[in-house]
Amino acid sequence: MDKNKILSPLVCGFGAAVFATVPGMKSVTCCLIIPGAGILAVYLYQRTIGFFEKIPIERAFFLGLMTGIFAAIFATGIDLIITLITKSNEFIEALPYTESMMRDFNLGPLIDDTMKLLKQIEADIRTTGFSPMYAFLILFSNGIINTIFGILGALLGMVIMNKRISS
């Protein structure tokens with residue numbers, strides 16, 4: 001595989017992951033940071049191939065997909081390292097509010113089973129700093145969200161870059 005195809009998503013995915021783990025920036029990760037990383041990945045890719053060539057939609061899709069995957073992997077890794085060191089995270093802080101909100105829905109035994117699983121994740125994190133279930137859930141959710149918004153950002157970047165070439 002050509003390094004130009006993977007280097008810009010790798011760099012942009014890592015940068016987005018670093019910003020995604022900053023507490024104040026977490027709320028805008030999916031809306032601004034990941035699409036911005038997708039746009040930047042397309043721009044960096046176009047710089048490596050030359051500004052005279054239009055980027056095809058398949059290439060932009062691939063760049064966005066890879067940016068999202070790399071961002072998900074790196075963000076999950078950074079989150080897990082911080083959780084391992086501190087033995088706490090936003091999940092543990094939000095669990096009492098989550099339980100209260102779920103009880104308000106009055107779904108019966110489903111809530112009890114769910115809360116049992118969530119309490120087990122909390123116990124694992126508090127004692128060892130790591131929960132395999134938490135790691136899987138975070139990687140899965142980051143993977144879905146980051147790839148979708150990475151692709152959208154890269155497609156937007158493709159449109160912007162291709163317009164600059166045709167002008």
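Data block above holds the structure.
A few points on the structure. Sequence order sets the numbering: in each chain, residues are counted from 1 along the sequence as written. Residues qualify for local features only when their pLDDT is at least 70, as the model is predicted, and side-chain atom pairs are given and counted only at 80 or more; totals for whole chains, interfaces and linings, by contrast, use all residues. Think of the side-chain values as coming from all heavy atoms in the structure, minus any hydrogens and water.

### Concerning helix α4 (residues 90–105)
Its 16 residues place the ends of α4 22 Å apart at the C-alpha level, agreeing with the 22 Å of an ideal helix rising 1.5 Å per residue. By definition, a residue's bend is the angle between the axes fitted to the seven residues ending there and the seven starting there. Helix and strand definitions follow DSSP, with helices as H or I runs of at least four residues and strands as E runs of at least two, each counted in order from the N terminus. P96 marks the point of greatest bend in α4, at about 40°. Any residue under 20% of the maximum accessible area for its type is buried, any over 50% is exposed, and the rest in between are partly exposed; the area is computed with a 1.4 Å probe on protein chains only. All buried positions along α4 are accounted for by I92, L95, E99 and M102. Contact criterion: two residues are considered in contact whenever any of their non-hydrogen atoms come within 4.5 Å of each other. Of the surrounding secondary structure, the elements contacted by the buried residues of α4 are α5 (109–128). Measuring from the backbone nitrogen of F91 back to the side-chain oxygen at the start of α4 gives 3.1 Å, which picks out N89 as the cap. The first or second residue beyond α4 is N106, which carries a positive phi of 55°. Here a helix's expected span is defined as the number of its residues, less one, multiplied by 1.5 Å. The definition of a polar contact used here is a pair of N or O atoms within 3.5 Å, where within protein one atom must be able to donate a hydrogen and the other to accept one, and adjacent residues in sequence count solely through side-chain atom pairs.

### Describing the packing of aromatic side chains
For any two aromatic rings, the description comes down to two numbers: the centre-to-centre distance and the angle of the planes. Ring pairs shown here join Phe, Tyr and Trp side chains whose ring centres sit within 6.5 Å, with only the six-membered ring taken for Trp; geometry is labelled stacked below 30 degrees between planes, edge-to-face above 60, and tilted in between. Counted according to the given criterion, the structure contains four aromatic pairs. Ring centres 5.7 Å apart and planes at 50° place the aromatic pair F91 and Y134 in the tilted group. Placement of F91 in helix α4 and of Y134 in helix α6 (residues 132–166) is noted, with a sequence separation of 43 residues between them. Given a relative accessible area of 7%, Y134 falls into the buried group. The interplanar angle of 20° and the centroid separation of 6.0 Å between the aromatic rings of F136 and F140 together place this pair among those described as stacked. Here the residue F136 and the residue F140 both occupy positions in helix α6, the gap between them amounting to four residues, near one helical turn. A relative accessible area of 51% places F136 in the exposed class. With relative accessibility at 52%, the residue F140 sits in the exposed group. Clustering of aromatic rings is evident, with ring pairs tying together F14, F70 and F74.

### Overview of the packing of α4 against α5
With axes taken as lines fitted to C-alpha atoms, and helix axes fitted only over the stretch in contact, angles between N-to-C directions fall between 0 and 180 degrees. In the contact formed by α4 and α5, the axes pass within 11 Å of each other and the chain directions differ by 170°. Put simply, α4 runs roughly antiparallel to α5. Here F91, I92, L95, E99, M102 and R103 of α4 come into contact with α5, specifically with I111, D112, T114, M115, L118, K119, I121, E122, I125 and R126. In terms of residue class, the contact of α4 with α5 is built from nine nonpolar, one polar and six charged. Put simply, angles under 35 degrees are roughly parallel, angles over 145 are roughly antiparallel, angles from 65 to 115 are roughly perpendicular, and the rest are oblique. Residues were grouped as follows: Ala, Val, Leu, Ile, Met, Phe, Trp, Tyr, Cys and Pro as nonpolar; Asp, Glu, Lys and Arg as charged; and all remaining residues, including Gly, as polar.

### Topic: helix α3 (residues 57–86)
If you check α3, its first and last C-alpha atoms are 43 Å apart, about what 30 residues at 1.5 Å a residue would give, namely 44 Å. At the exit of α3 stands K87, carrying a positive phi of roughly 55°.

### Looking at the pattern of salt bridges
Salt bridge, as used here: a side-chain nitrogen of Lys or Arg that lies within 4 Å of a carboxyl oxygen of Asp or Glu. Applying the stated criterion across every chain, the model contains five salt bridges. Note that D112 and R103 form a salt bridge whose closest N and O atoms lie 3.0 Å from each other. With relative accessibility at 39%, the residue R103 sits in the partly exposed group. Connected via shared salt-bridge partners are E99, R103, D112 and K119.

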